[in-house]
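Structural overview
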Amino acid sequence: MRKPVLTRYRVMAYVTAVMLLVLCLCMIFKYGFDKGEDLTLVVSQIHGVLFIIYLIFAFDLGQKARWSFGKLLWVLVSGTIPTAAFFVERKVVKEIQPLVEGAPAEAAKA
């Protein structure tokens, strides 16, 4: 497996997780204090687009790593739970890193 596949997943996992936290904060201000309705709309739309990109990159990584459907589903859903993407990303990197490091050796053998 190539390193860019893992890198783009990691970047989008962090970006999506941070945007979800920002969105949660905006929702607290919108519904708790009646402030920031326009900002909440903008942040929610940005998060939605970034989440779709995250889904594409996570799905791509899962296909290349040959994950089971359950594992792939858990990684995809983790982008909807505040802070879960941070923890899942770390676990995924620990699992995928040996595959990434082993890729040049496998290519040299072939």
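Residues numbered from 1 in each chain as written. Predicted model: local features only at pLDDT ≥ 70, side-chain atom pairs only at ≥ 80, totals over all residues. Heavy atoms only, no water.

Turning our attention to the nonpolar core. Nonpolar side chains in soluble globular proteins tend to be buried together. One finds Tyr 9, Tyr 54, Leu 61, Trp 67, Val 75, Val 92 and Ile 96 to be the most contacted residues of the largest nonpolar core, which totals 25 residues. Among the secondary structure elements, those contributing two or more residues to this core are α1 (3–33), α2 (37–65), α3 (69–77) and α4 (84–109). The biggest single contributor to this core is α1, with 9 residues. Not counting residues up to four positions away in its chain, the partners in contact with Trp 67 are Ala 58, Leu 61, Gly 62, Leu 72, Val 75, Val 92, Glu 95 and Ile 96. (Core = buried A, V, L, I, M, F, W, Y, C linked by side-chain atoms within 4.5 Å. Buried < 20%, exposed > 50% of the residue type's maximum accessible area, 1.4 Å probe, protein only. Helix = DSSP H or I, 4+ residues; strand = E, 2+ residues; numbered from the N terminus. Contact = heavy atoms within 4.5 Å.)

This brings us to the environment of Val 75. One can find Val 75 in helix α3. Each residue touching Val 75, except ones within four places of it in the same chain, is listed here: Tyr 9, Tyr 54, Ala 58, Trp 67, Val 88 and Val 92.

So, on to the pattern of salt bridges. This structure, assessed with the given rule, holds 4 salt bridges. Residues Arg 10 and Glu 89 are paired through a salt bridge, measuring 2.6 Å at the closest nitrogen-oxygen approach. Linking Arg 10 in helix α1 with Glu 89 in helix α4, this pair joins segments that are 79 residues apart in sequence. Overall, the relative accessible area of 33% leaves Arg 10 in the partly exposed class. One salt-bridge network, held together by shared partners, links Arg 8, Asp 60 and Lys 64. (Salt bridge = Lys/Arg side-chain N within 4 Å of Asp/Glu carboxyl O.)

Before going further, it helps to examine a nonpolar patch on the surface. Residues Phe 69, Leu 73, Trp 74, Val 77 and Ile 81 make up a contiguous nonpolar surface patch of about 500 Å² in total accessible area. On the secondary structure map, Ile 81 appears in the loop between α3 and α4. (Patch = residues over 30% accessible without salt bridge, like charges linked within 9 Å, V, L, I, M, F, W, Y side chains within 5 Å. Areas by Shrake-Rupley, 256 points an atom, 1.4 Å probe, with all protein chains shown as cover.)

Moving on to the confidence of the model for the protein chain. The predicted model of the protein chain has a mean per-residue pLDDT of 86, with 91% of residues at 70 or higher. Here α4 stands out as the element of the protein chain with the lowest mean pLDDT, 75, in contrast to α2, whose mean of 92 is the highest. With pLDDT under 50 throughout, residues 105–110 is counted as low confidence; its partners more than four residues away or in other chains account for 0 contacts. (pLDDT = per-residue confidence, 0-100.)

Close contact between α1 and α2 brings their axes to 8 Å; oriented N to C, the two are set at 155°. By the angle between their directions, the pair α1 and α2 is classed as roughly antiparallel. Regarding α1 and α2, the two cross each other, and that crossing is left-handed. (Axes fitted to C-alpha atoms, helices over the stretch in contact; angles between N-to-C directions. Parallel < 35°, antiparallel > 145°, perpendicular 65-115°, else oblique. Left-handed = near helix turned anticlockwise from the far one by under 90°.)

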